[in-house]
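Tertiary structure, described
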Amino acid sequence: MCGIVGYIGSEEAAPILLRGLQKLEYRGYDSAGIAVWGKTGLMVRKSKGALKQLEEKIGPDLRDGALAGTMGIGHTRWATHGEPSDINSHPHTDVSGKIAVVHNGIIENHARLRTWLKEQGFKFRSDTDTEVAAHLIDFYYKGDLLQAVMAALKKLEGSYALGIICEAEPDRIIAVRKESPLVVGAGRGGNLIASDVPALLEHTREVYYLGDREIAVLYRNRIDFYNEDGEALSKKTSHVDWDAAAAEKGGYEHFMLKEIYEQPKALTDTLRARISAGEQAARIINLEEIGFDSSWAAARRVVITACGTAWHAGVIGKYAFEHFARIPVAVDVASEFRYRNPILDPQDIFIIISQSGETADTLAAMRLARKTGGRIIAITNVVGSTLAREADLVMYTWAGPEIAVASTKAFTTQLMCLYLIALQFGLLRKTIGPEELAAALRALEKIPAQAEAVLANQEKIQRFASLQFNKNKAFFMGRLFDYAVSLESALKLKEISYTHSEAFAAGELKHGPIALVDGSTLVTAICTQEALFDKMDSNIKEVKARGAGALVITWEDTDYFNETADEIFRIPRTLDSLSPMLSVIPSQLYAYYCSVLRGLDPDKPRNLAKSVTVE
Ligand code: F6R
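Bear in mind the structure is a predicted one, so any value in this text is a computation, not a measurement.

Reading the values: the criteria
Residues numbered from 1 in each chain as written. Predicted model: local features only at pLDDT ≥ 70, side-chain atom pairs only at ≥ 80, totals over all residues. Heavy atoms only, no water. Salt bridge = Lys/Arg side-chain N within 4 Å of Asp/Glu carboxyl O. Helix = DSSP H or I, 4+ residues; strand = E, 2+ residues; numbered from the N terminus. Near = heavy atom within 4 Å. Polar contact = N/O pair within 3.5 Å; in protein donor to acceptor, adjacent residues only side chain to side chain. Areas by Shrake-Rupley, 256 points an atom, 1.4 Å probe, with all protein chains shown as cover. Nonpolar A, V, L, I, M, F, W, Y, C, P; charged D, E, K, R; others polar. Domains from an automatic or database assignment. Pairing = 2+ DSSP bridges. Axes fitted to C-alpha atoms, helices over the stretch in contact; angles between N-to-C directions. Contact = heavy atoms within 4.5 Å. Parallel < 35°, antiparallel > 145°, perpendicular 65-115°, else oblique. Expected span 1.5 Å × (residues − 1). Buried < 20%, exposed > 50% of the residue type's maximum accessible area, 1.4 Å probe, protein only.

Some words on the pattern of salt bridges
Taken as a whole, this structure holds 33 salt bridges when the rule is applied. Between Glu 322 and Lys 318 there is a salt bridge, with the nearest N and O atoms lying 3.0 Å from each other. Within this pair, Glu 322 and its partner Lys 318 are both found in helix α9 (residues 308-325), separated by 4 residues, close to a single helical turn. Linked by salt bridges that have partners in common, Glu 108, Lys 178, Glu 179 and Arg 272 make up one network.

Re the site of the ligand
Lining the immediate surroundings of the ligand are 14 residues, of which Ser 354, Gln 355, Ser 356, Thr 359 and Glu 495 lie closest. Here an oxygen atom of the ligand sits 3.1 Å away from a polar atom, N or O, in the main chain of Thr 309. Contact distances for the ligand include 2.6 Å between an oxygen atom and a backbone N or O atom of Gln 355. Look at the ligand: alone it shows 410 Å² of surface, and the protein chains cover 89% of it. Listing elements by their share of the shell around the ligand, those giving two or more residues are α9 and α16 (481-497). Its residues assigned to classes, the shell around the ligand comprises 5 nonpolar, 7 polar and 2 charged. The residues that make up the shell around the ligand include at least three from each of domain 2 (255-449) and domain 3 (458-597).

As for the sheet that holds strand β24 (residues 549-555)
The 5 strands lie next to each other as β22-β21-β23-β24-β25, forming an open sheet whose pairing is parallel. Where the open sheet ends on each side, the last strands, each with one partner, are β22 (500-505) and β25 (567-571). Within the sheet, the average angular offset between the axes of one strand and its neighbour, ignoring direction, is 20°. As paired elements, strand β21 (residues 473-478) and strand β23 (residues 521-527) share 5 bridges and run parallel to each other. In the sheet register, Lys 473 faces β23, and the bridge partner there is Thr 521. Where helix α15 (residues 458-468) meets the sheet, its contacts fall on β23, β24 and β25, and the angle it forms with β25 comes to roughly 150°.

Remarks on the pairing of strand β3 (residues 41-48)
Two elements, strand β2 (residues 31-38) and β3, share 8 bridges in a ladder whose sense is antiparallel. Bridge pairing in β3 places Ala 35 opposite Val 44. Hairpin connection, β2 to β3: the antiparallel pair is bridged by 2 residues.

Remarks on the packing of helix α13 (residues 409-428) against helix α18 (residues 580-597)
Two elements in contact, α13 and α18, have axes separated by 10 Å at closest approach and are oriented at 170°. Taken together, the axes of α13 and α18 are roughly antiparallel relative to one another. Every residue of α18 that contacts α13 at Phe 411, Thr 412, Leu 415, Met 416 and Tyr 419 is listed here: Pro 580, Met 581, Val 584 and Gln 588. For the contact of α13 with α18, a count of residues per class yields 7 nonpolar, 2 polar and no charged.

Topic: the sheet that holds strand β10 (residues 190-194)
Taken in spatial order, the 8 strands make up an open sheet running β3-β2-β4-β1-β10-β9-β11-β15, and their pairing is antiparallel. Pairing within the sheet leaves two strands with one partner each, and these edge strands are β3 and β15 (238-239). In terms of strand pairing, strand β11 (residues 206-209) meets β15 through 2 bridges, oriented antiparallel. Among the inter-strand pairings, Glu 206 is bridged to a residue of β15, identified as His 239. Lying over the sheet, helix α1 (residues 13-23) contacts β1 (3-9), β2, β4 (71-77) and β10, oriented at roughly 155° with respect to β2. In the packing of helix α2 (residues 51-63) onto the sheet, the strands contacted are β2 and β3, and the crossing angle to β3 comes to about 140°.

What about α9?
With 18 residues, α9 should cover 26 Å at 1.5 Å per step; its first-to-last C-alpha distance of 25 Å lies within 8% of that length. For α9, the buried fraction is high: 13 of the 18 residues fall into the buried class. Positive backbone phi, approximately 45°, marks Arg 326, located one or two places after α9.

Here's the deal with the pairing of strand β13 (residues 223-226)
Along β13, one buried face is formed by Ile 223 and Phe 225 and the opposite face, lined by Asp 224 and Tyr 226, is buried too. Across 4 bridges, the pairing between strand β12 (residues 215-218) and β13 is antiparallel. Among the inter-strand pairings, Ala 216 is bridged to a residue of β13, identified as Phe 225. Pairing of β13 with strand β14 (residues 232-233) involves 2 bridges; the strand directions are antiparallel. Bridge pairing links Tyr 226 to Ala 232 in β14.

Put into structure tokens, the structure is as follows:
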């Protein structure tokens, strides 16, 4: 996720771009840059770090008029391809610096295009997927930027929102989007593009929402729209009523809710580029981007370590590796692992999971693993983080920045990565065959749409929360994958609603926890492991007999719990082994609504920080 802006009009562009980028910093903040068309042609300035660093760098240019110009584009980056650096910052240009591009999204076929463009003689400066777009547009440029962009779009796969300007065409900005957001603002003194509405509000509340593959051509006094084949479109403006703070959250009341709703897109981004296209039966997982080869599957054991929510992802990872790859797995909380004097072996493979890539205990655990000589795979959301730099292989969750303290989209995308690695291990170790792999891949590809379906049904959870939010005792229970989801569900509820909540392996209930169950307890039973439905049904009856209320989260096509549950929340059917990516969503929503109904701020829970960089 990155933020892009563009302005063409009668005023100085640079200050407008910088103010727009300030409003988009929540979309990315590891580097920033602008390109302005002015008297000396296209002027590009960029800098690693927060927007403030760019502002300091170009301050003198702004003061002495060196960046004067009335058309420009800008970008604030959340790195995906290539670590944060001046070179990798946007805008990117063609070799001669005459065409500048800002991009949000992931160009999935960038590696193939890069090779092809290099064969045509193009020289690359950065590690980004975006630079491919700049060279490709240059390749097709024959004096008409719009034609060149349309030709280039035919070659690009993946998701993108692009803003493009050209030195030879000082009267227009071209913008296009596919699966990444882009809005076009119709202002009085000029027109604008932005990834999101907050960057436009200072200038206009009249916006056009671009559809997939639609192209906008912004002039100083008009905006034209085309489809990908160059046919003119007529579009209507929408009036934005949100205030600036609501707009920053995309109209959602809190970042947490926005991030819960971003999960289908984040899951798609994390999955798609890693499965090869083509015939279903011949499809493979492509983990070459992370340098994964068959030697990894010869490991003696997999050791997973992480903290908090990331550790819960690791617990699910253990079950997934055992299920698909039949390899022994140890999973540990990093703060225990680092002090426990664990027995490790150079033949172990370590998977270290961290959204931020900066958690102190997790980094210490990784460094301990490093000493044994075992190889390390990092799963992280932050390109260039310490974890990413120090691991042997990195698999990024392409979730975009997670602002809310409570982790949601990072968790589900961590799961997606773990499933992909587990399946790859399974294939290499021959514990699953091509048919089982194909079935799993088909199921994985349906997960984003199924997550969307769960979210479409959120009102039911909201209503249920409005009846239950004052309960001070909440238990979550499940078996196998559902037990791990129970751990994450209980953590979500406790951290943002301050409800005392605990998770149990349902089979453990009668070994102690049931002593706490009474009429004031809400028990959520997560029930997606079909072979154990009867066991779960008995557990639900046991807690109900002690007066507890029971919410069941289960498949949409089963009536197994109709008689026992007080309330059922249903999720679309997938493989039992893949259920966590769907079954956790109702719990995220439930925690969110309980927090809001209790008058709390779910984005900033007391006593908690987003990144725990000290012990
Ligand atoms: C809970 C939460 C924390 C983090 C934990 C590890 O919602 O966000 O439990 O998961 O602090 O953080 P990372 O993943 O950054 O290492």
